[in-house]
Amino acid sequence: MSTPPAPSQDIRVLVVEDDPVAADAHVLYVGRVPGFTAVGKAHTGAEARRALDRLPVDLLLLDLHLPDVHGLQLARSLRAAGYHADVIAVTSARDLTVVREGVSLGVVQYVLKPFTFATLRDRLIRYAEFHAAAGEASGQDEVDRALATLRAPGPAELPKGLSSPTLERVTRALRDCEDGLTATGVAEAVGISRITARRYLEHLVDAGRAGRSPQYGQVGRPELQYRWVKGA
């Protein structure tokens, strides 16, 4: 069973993610946030249970779609078994019914895939502030402030003219093509103009989620080739 960390101790995180590449990336992300330590990773619900039996864990970074169990079902069984680690759910699902159900099971935050390091860092920092709250509240205002630390100020702003749905489609197209794509290739795959595709691709490059290099061997000016950064 997990026990509360001492004030000077890092918050101990178990990464539960079925995709090995994503799991490694999440472990790396957690390690880059001061005050947090990734103590292990698991690719299935069964592996997560075994890890919790041998490791002190304060927080689960939990993918909801595991090969052997749904993440919320795992969270429910852990609560019933007396495990008290909090949960940050990582999922591509946008069903608000699932979100509401998760609240009663210790899910303190949701991170929607695909996400950047900055998004996860924000959620972890807010969780750390909430986790550090101790003692007796002086009144309702202090209770409200403690709970408010878990809430992000709002969705991360994209550059003007970019939208989250299109960004997800561009991201998916790039991730699905191991050899990389040009802006023209992305435009054809997503159904947007080449100029628009270039803006989204450059945004992914700026966020550290894609790389670019010149594509030679063509007549005229070489077009840039974009590739998804593995683990991003």
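Counting restarts for each chain, with residues numbered from 1 along the sequence as it is written. Confidence filtering applies because this is a predicted model: local features only for residues at pLDDT of at least 70, side-chain atom pairs given and counted only at 80 or more, and all residues used for totals across whole chains, interfaces and linings. Computation of side-chain values covers all heavy atoms of the structure but excludes hydrogens and water.

Trainee: Would you mind going over the overall build of the protein with me for this structure?
Mentor: What counts as a helix is a DSSP run of H or I of at least four residues, what counts as a strand is a run of E of at least two, and both are numbered from the N terminus. The helix and strand inventory of the protein stands at 9 helices and 8 strands. The rule is simple: take the accessible area with a 1.4 Å probe, protein chains only, and divide by the maximum for that residue type; under 20% is buried, over 50% is exposed, in between is partly exposed. Residue burial in the protein is summarised as follows: out of 232 residues, 41% are buried. By definition in these notes, contact holds between two residues if any of their heavy atoms fall within 4.5 Å. For the protein, the share of sequence-separated contacts (at least 6 apart) that also reach a separation of at least 24 residues comes to 61%. Carbon and sulfur atoms provide 53% of the accessible area of the protein, an area that totals close to 12600 Å². Per-residue and other accessible areas were derived by the Shrake-Rupley procedure at a 1.4 Å probe size, with only the shown protein chains allowed to occlude residues.

Trainee: Even after reading the chapter, I still don't get the pattern of salt bridges, so can you show me in this structure?
Mentor: Note that side chains of opposite charge can pair when their charged atoms are close. Here, a salt bridge means any Lys or Arg side-chain nitrogen found within 4 Å of an Asp or Glu carboxyl oxygen. Following the criterion strictly, the structure yields 9 salt bridges and no others. Between Arg12 and Asp58 there is a salt bridge; the shortest N-O distance is 2.9 Å. Note that Arg12 is positioned in strand 1 (residues 11-16) and Asp58 in the loop between helix 2 (45-54) and strand 3 (59-63), a separation of 46 residues in sequence. Across the pair, exposure class does not vary: Arg12 and Asp58 are buried alike. With its nearest N and O atoms 3.4 Å apart, the salt bridge here joins Arg198 to Glu202. Here Arg198 pairs with Glu202, and both are found in helix 9 (residues 194-206), just 4 residues apart, close to one helical turn. Arg198 gets classed as partly exposed once you look at its relative accessible area, which sits at 34%. By relative accessible area, Glu202 is classed as buried at 18%. Several salt bridges share partner residues, and in doing so they unite Glu17, Asp63 and Lys113 into one network.

Trainee: Before we go on, may I ask you to explain the packing of aromatic side chains in this structure?
Mentor: Where two aromatic rings form a pair, the distance of their centres and the angle of their planes describe that pair. Geometry of aromatic contacts follows a simple scheme: Phe, Tyr and Trp rings, the Trp one being its six-membered ring, pair when their centres are within 6.5 Å, and the pair is stacked under 30 degrees between planes, edge-to-face over 60, tilted otherwise. This structure, assessed with the given rule, holds 1 aromatic pair. Ring geometry for Tyr29 versus Phe117: centroids 5.5 Å apart, planes at 55 degrees, classification tilted. Placement of the pair is Tyr29 in helix 1 (residues 20-31) and Phe117 in helix 5 (residues 117-132), with a sequence separation of 88 residues. Across the pair, exposure class does not vary: Tyr29 and Phe117 are buried alike. Placement of a positive charge over a ring is assigned whenever Lys NZ or Arg CZ falls within 6 Å of the ring centre and within 35 degrees of the normal to the ring plane. Sitting above the plane of the Phe117 ring, Arg32 keeps its charged end 3.9 Å from the centroid.

Trainee: Quick question: what am I supposed to make of the sheet that holds strand 7 (residues 210-215) here?
Mentor: Strand pairing in a sheet relies on backbone hydrogen bonds, with the paired strands running either antiparallel or parallel. In spatial order, the strands read 6-8-7; together these 3 strands make up an open sheet with antiparallel pairing. Each edge of the sheet is formed by a strand with only one pairing partner; in this case those strands are strand 6 (181-182) and strand 7. By the bridge criterion, 2 bridges tie strand 6 to strand 8 (residues 223-228) in an arrangement that is antiparallel. Within strand 8, the residue paired with Leu181 across the bridge is Tyr226. At least two DSSP bridges between two strands are required for those strands to pair.

Trainee: I keep staring at helix 3 (residues 71-80) and nothing clicks. Help me out?
Mentor: Structural remark: α-helix, 3.6 residues per turn; residues separated by three or four positions point the same way. Those residues of helix 3 that fall on the buried side of the exposure criterion are Gly71, Leu72, Leu74, Ala75 and Leu78. Angularly, the buried residues of helix 3 cover 155 degrees about the axis, an arc narrow enough to put them on a single face. Positive phi appears at Gly82, one or two residues downstream of helix 3, with a value of about 95 degrees. Here, the arc refers to the directions that run from the helix axis to the C-beta atoms.

Trainee: What exactly am I supposed to notice about the sheet that holds strand 3 here?
Mentor: The 5 strands lie next to each other as 2-1-3-4-5, forming an open sheet whose pairing is parallel. Looking along the sheet, the strands with just one partner apiece sit at the ends: strand 2 (36-42) and strand 5 (107-112). Taking the axes of each pair of neighbouring strands and ignoring which way they run, one obtains an average angle of 20 degrees across the sheet. With 4 bridges connecting them, strand 1 and strand 3 associate as parallel partners. By the bridge assignment, Val13 is partnered in strand 3 with Leu59. For helices, the axis comes from a line fit to the C-alpha atoms of the stretch in contact; other axes are also lines fit to C-alpha atoms, and the angle between any two N-to-C directions lies between 0 and 180 degrees.

Trainee: Explain the packing of helix 2 against helix 3 to me, please; I cannot follow it from the model alone.
Mentor: The contact between helix 2 and helix 3 brings their axes to 11 Å, and the two run at 30 degrees. For the element pair helix 2 / helix 3, the angle class is roughly parallel. As for how helix 2 packs across helix 3, the hand of that crossing is right-handed. Residues Gly45, Ala48, Arg49 and Leu52 of helix 2 touch helix 3, and the partners they reach there are Leu74, Ser77 and Leu78. Convention used here: angles under 35 degrees read as roughly parallel, angles over 145 as roughly antiparallel, angles from 65 to 115 as roughly perpendicular, and any remaining angle as oblique. Should the near helix be turned counterclockwise from the far one by less than a right angle, the crossing is left-handed, whereas a clockwise turn marks it as right-handed.

Trainee: Just to check I follow, could you spell out empty space enclosed by the protein for this structure?
Mentor: It is the rolling of a water-molecule-sized probe over the atoms that shows where space remains empty. Grid points spaced at 1 Å and placed over the protein atoms alone form the basis of the search, with a cavity being a set where a 1.4 Å probe fits but cannot get out and a pocket an open set showing protein on both sides within 12 Å along at least five of seven lines. Lining residues have an atom within 4 Å of a point. Grid points are joined across faces, edges and corners, and a volume is the space filled by probe spheres set on the points. Scanning the entire structure with this criterion turns up 1 cavity of 30 Å³ or more. Roughly 30 Å³ of volume is contained in the largest cavity. In terms of lining residues, the largest cavity is bounded by Leu60, Ala75, Leu78, Arg79, Tyr83, Ala85, Val87 and Leu105. It is helix 3 that contributes the most residues to the lining of the largest cavity, 3 residues altogether. Residues are grouped as follows: Ala, Val, Leu, Ile, Met, Phe, Trp, Tyr, Cys and Pro are nonpolar; Asp, Glu, Lys and Arg are charged; all remaining types, including Gly, are polar. In terms of residue class, the lining of the largest cavity is built from 7 nonpolar, no polar and 1 charged.

All quantities given are derived from atomic positions and should not be read as evidence of function.
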